[in-house]
Amino acid sequence: MSEFLSNLYPWTKSLHIIAVLTWMAGLFYLPRIFVYHTEKVTPGHETDALFQVMEMKLYRYIMNPSIIAVWIFGLALVLTPNVVYWDSIWPYTKGACVIAMTWFHMWLGARRKDFVAGRNTRTGRTFRMMNEVPTLLMLVIVFSVVVKF
Ligand code: HEM
């Protein structure tokens, strides 16, 4: 099993990075759509339904498969011999940020359901501020995994 994972390492890492890119695209874009949905769209209007379809497709068909792939290939990298050294600090900073990023994904899913039920109470300002969360987490994650302090 260890040898199998070692042989696959460049492939696993490539697939991990590809999945990270598509996940991040959604994590950056969905809160942006929520800003416009909150500030420019009247609930129940035709445009409301259009925004809901865009949000559903982005979340269900891009972000959900991406988060699953990021976790599968990420955990495969963790299990690959000589990749993670647990006496370093970076696996813990990265792990904490990845858990926070996963929470953010779930939070966006709950907000999407608020729009579907017509009970969104968040303002455009809240979504603008939340839009910075994945940026900050991404900075810590990439420095952790590349600088490896
Ligand atoms: C979801 C759980 C995740 C796990 C378990 C995980 C785990 C890992 C592991 C073990 C490596 C290999 C490090 C190495 O080869 O030295 C890696 C590479 C990488 N990860 Fe993740 N990761 C996860 C999520 C993420 C996220 C959310 C991002 C970006 C926002 C990310 C960005 C990267 C990058 C850029 C690399 C390549 C670094 C390099 O070797 O140069 N990962 N990941």
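All figures in this text were calculated on a predicted structure; none of them were measured in a lab. Sequence positions are assigned chain by chain, starting from 1 and proceeding in written order. Given that this is a predicted model, residues contribute local features only at a pLDDT of at least 70 and side-chain atom pairs are listed and counted only at 80 or more, while totals for whole chains, interfaces and linings are drawn from all residues. Calculation of side-chain values draws on the structure's entire complement of heavy atoms; hydrogens and water are dropped beforehand.

## Describing the UniProt feature "binding site: heme" (unreviewed entry) in the protein chain
Working step 1: In the numbering adopted here, UniProt assigns the feature "binding site: heme" (unreviewed entry) to His-16 and Lys-94. Spatially, the listed residues are clustered: although they cover 79 residues, their C-alpha atoms lie within 14.3 Å of one another. Set against the largest pocket, the annotated residues that line it come down to His-16 and Lys-94.
Working step 2: Among the structural elements, His-16 can be located in helix H1 (residues 2-40).
Working step 3: Working rule for contacts: check all heavy atoms of both residues, and any pair within 4.5 Å makes them a contact. Leave out the neighbours within four places in its chain, and His-16 touches Val-70, Phe-73, Gly-74, Leu-77 and Lys-94.
Working step 4: Think of it this way: any DSSP run of H or I at least four residues long counts as a helix, any run of E at least two long counts as a strand, and we number them from the N terminus. As for its position among the elements, Lys-94 is in helix H3 (residues 90-116).
Working step 5: Dropping the residues within four chain positions of it, Lys-94 is found in contact with His-16, Ile-141, Ser-144 and Val-145. UniProt positions are given in the numbering used here, feature names are shortened, and annotations may be inferred rather than shown by experiment. The definitions used throughout rest on a 1 Å grid laid over the protein atoms alone, on which a cavity is an enclosed set of points accommodating a 1.4 Å probe that cannot get out and a pocket is an open set flanked by protein within 12 Å on both sides along at least five of seven lines; lining residues are those having an atom within 4 Å of a point.

## Re the UniProt feature "transmembrane region" (unreviewed entry) in the protein chain
Working step 1: When the UniProt feature table is mapped onto this chain numbering, "transmembrane region" (unreviewed entry) sits at residues 15-37, 58-77, 89-108 and 129-147.
Working step 2: Taken as a whole, residues 58-77 contains 100% helix and 0% strand, while its terminal C-alpha atoms sit 27 Å from one another.
Working step 3: Helix makes up 95% of residues 89-108 and strand 0%. Its end C-alpha atoms lie 29 Å apart.

## Focus: the environment of Trp-107
Working step 1: Checked against the element boundaries, Trp-107 lands in helix H3.
Working step 2: Look at Trp-107 and you get buried, because its relative accessible area is 12%.
Working step 3: Sequence separation between Trp-107 and Val-147 is 40 residues; the distance between their C-alpha atoms is 29 Å.
Working step 4: If near-sequence neighbours (up to four positions away) are discounted, Trp-107 is found in contact with Arg-122, Phe-127 and Met-130. A 1.4 Å probe rolled over the protein chains alone gives each residue an accessible area, and that area as a share of the maximum for its type sets the label: buried under 20%, exposed over 50%, partly exposed in between.

## Observations concerning the pattern of salt bridges
Working step 1: In what follows, salt bridge is the name for a side-chain nitrogen of Lys or Arg lying within 4 Å of a carboxyl oxygen of Asp or Glu. All told, the structure shown has 4 salt bridges when counted by the stated rule.
Working step 2: Arg-111 is the salt-bridge partner of Asp-114, the closest N and O atoms lying 2.8 Å from each other. With a gap of 3 residues between them, Asp-114 and Arg-111 both fall in helix H3, about one helical turn apart. Neither residue differs from the other here; Asp-114 and Arg-111 are each classed as buried.
Working step 3: The salt bridge involving Arg-119 is made with Asp-114; its shortest N-O contact spans 2.5 Å.

## A closer look at the site of the ligand
Working step 1: A single heavy atom is enough: if one lies within 4 Å of a molecule or strand, its residue is considered near that molecule or strand. Near the ligand there are 21 residues, and of these Tyr-9, Lys-13, His-16, Lys-94 and Lys-148 occur at the shortest range.
Working step 2: Here a polar contact is taken to be a pair of N or O atoms separated by no more than 3.5 Å, where protein atoms must pair a possible hydrogen donor with a possible acceptor and residues adjacent in sequence count only if both atoms sit in side chains. Contacts to the ligand include Tyr-9, whose side-chain N or O atom sits 2.4 Å from an oxygen atom.
Working step 3: Taking Lys-13, its side chain carries an N or O atom lying 2.4 Å from an oxygen atom of the ligand.
Working step 4: Occupancy of a cavity or pocket is assigned to a molecule whenever over half of its atoms lie within 2 Å of that pocket's grid points. Because more than half of its atoms lie within 2 Å of the grid, the ligand is assigned to the largest pocket.

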